[in-house]
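# Structural description and commentary
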Amino acid sequence: MEVVVGQLFTGLSLGSILLLAALGLSLTFGQMGVINMAHGEFIMAGCYTTFVVQQVFSSTGVALIISLFAGFLVGGLLGAALEMGLIRWMYDRPLDTLLVTFGVGLILQQAARNIFDAQAKNVSIPDFLTGGIDILGTVVPKTRIFIMVLAVLAVIALATALKTTSLGRRIRAVVQNRNLAETSGISSRFTDVSTFFIGSGLAAVAGVALTLIGSTSPTIGQSYLVDAFLVVVIGGLGQIKGTVIAAFGMGLLNSFVEYSTTASVAKVIVFVVIVIFLQVRPQGLFTVRTRSLA
């Protein structure tokens, strides 16, 4: 029983990290159809933002809270700059966006090495997140629980914003029919920039969360990039509920398979399962009409 509970929370924890990493992609890739290979570097930006903020504030608890907002702002500004500077000219050329954003990612990695050097940086864990909580005989680290709660709050905030705010309605209108939205007086340019800002900001929030469970390096985002894309594809392009189910499903599957085998073998098995699933249901768990499918 303890083993099952332990692996269950391990899988939920991994799923939460994947969800945070993929949530921004559900907007920029899932809804806008942009293959942003620099998404991992936006995650990295959140990690380094946390490191910098903690150098300024003596209280690690205060630093973590400020880092969540500062990371979202930094990641969002980077995403908006990428959209306005490059992506805006390539919405009908997905292969070009892949190549260009891959190059931007390499530039951001090198910039991080020049500013912070290539050595791994560690962020101190706040006192209120040290230790663990006993759940059914299994001690679950508080940091993992915090990440799970953060992932749930991020999903609720994004879903609420898309459904109830004027910006959310504009985003959905532009995604479903850009030309009709423009004739209705909606600025597609403002909406595109706003979508990239939110999606990239969420990626940076994932980076803030990652500092609680490991060190920070210029390539940390690349470790989660492929899995984040897979989560969005499995869940269905542009479907937040599908992203949630796919993230936790991948996390749980990887956790239980890895317990019976090894980390490397588990990665292979999970990937094979994903390939088989996409052969059966290439559209993912859910489908939505976007301009990428029009």
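Look above for the structure.
Calculation rules
- Residues numbered from 1 in each chain as written.
- Predicted model: local features only at pLDDT ≥ 70, side-chain atom pairs only at ≥ 80, totals over all residues.
- Heavy atoms only, no water.
- Salt bridge = Lys/Arg side-chain N within 4 Å of Asp/Glu carboxyl O.
- Helix = DSSP H or I, 4+ residues; strand = E, 2+ residues; numbered from the N terminus.
- Axes fitted to C-alpha atoms, helices over the stretch in contact; angles between N-to-C directions.
- Parallel < 35°, antiparallel > 145°, perpendicular 65-115°, else oblique.
- Left-handed = near helix turned anticlockwise from the far one by under 90°.
- Contact = heavy atoms within 4.5 Å.
- Nonpolar A, V, L, I, M, F, W, Y, C, P; charged D, E, K, R; others polar.
- Patch = residues over 30% accessible without salt bridge, like charges linked within 9 Å, V, L, I, M, F, W, Y side chains within 5 Å.
- Areas by Shrake-Rupley, 256 points an atom, 1.4 Å probe, with all protein chains shown as cover.
- Buried < 20%, exposed > 50% of the residue type's maximum accessible area, 1.4 Å probe, protein only.
- Core = buried A, V, L, I, M, F, W, Y, C linked by side-chain atoms within 4.5 Å.
- Phe/Tyr/Trp six-rings, centres within 6.5 Å; stacked < 30°, edge-to-face > 60°.
- Lys NZ or Arg CZ within 6 Å of the ring centre and 35° of its normal.
- Pairing = 2+ DSSP bridges.

### Considering the pattern of salt bridges
Taken as a whole and assessed by the stated rule, the structure comprises five salt bridges. Ionic pairing is found between E83 and R189, a salt bridge with its closest N-O pair at 2.8 Å. A residue pair is termed long-range when its members are at least 10 positions apart, and E83 in helix α4 (residues 60-85) and R189 in helix α9 (residues 188-210) qualify at 106 residues. Because the salt bridges share partners, they merge into one network encompassing E83, R189 and D192.

### So, the packing of helix α3 (residues 39-56) against α4
One can describe the packing of α3 onto α4 by two numbers: an axis separation of 8 Å at closest approach and a directional angle of 140°. Classed by the angle they form, the pair α3 and α4 counts as oblique. At the point where α3 passes α4, the crossing takes the right-handed sense. Where α3 approaches α4, its residues F42, A45, T49, T50, V53 and Q54 are matched on the opposing element by T60, A63, I66, S67, A70, G71, V74, L78, G79 and L82. Per-class residue counts for the contact of α3 with α4 are nine nonpolar, seven polar and no charged.

### A look at a nonpolar patch on the surface
A cluster of nonpolar side chains, namely V52, V56, F57 and V62, defines an oily patch on the protein surface of about 330 Å² accessible area. Along the polypeptide, V56 turns up in helix α3. Note on V56: relative accessible area 61%, which makes it exposed.

### A closer look at the nonpolar core
Of all hydrophobic cores here, the largest spans 65 residues; its most connected members are L20, L23 and L158. Ranked by residue count, the leading element in this core is α9, at nine residues. Residues in contact with L20, not counting those within four places in the same chain, are I147, L150, A151, A154, L202, A206 and A209.

### Here we look at the packing of aromatic side chains
Within this structure, the stated rule accounts for four aromatic pairs. Their ring planes at 10° and their centres at 4.3 Å tell us that Y48 and F116 sit as a pair that is stacked. On the criterion of sequence distance, the pair formed by Y48 in helix α3 and F116 in helix α5 (residues 94-116) is long-range, its members being 68 residues apart. Residue Y48 shares its accessibility class with F116, and that shared class is buried. Centre to centre, the rings of F72 and F197 are 5.7 Å apart; their planes meet at 85°, and the pair counts as edge-to-face. With F72 in helix α4 and F197 in helix α9, this residue pair connects regions lying 125 residues apart in the sequence. Each member of the aromatic cluster is reached from another via a ring pair, and the members are Y48, F51 and F116. For R88, the ring lying beneath its charged end belongs to W89, and the centroid distance is 4.5 Å.

### With respect to the pairing of strand β1 (residues 132-135)
Bridge count for β1 against strand β2 (residues 138-141) is four bridges, and the pairing is antiparallel. Paired with I133 across the two strands is V140, which belongs to β2. Following β1, the chain reverses through two residues before pairing antiparallel with β2; L136 in that reversal takes a positive phi of roughly 55°.

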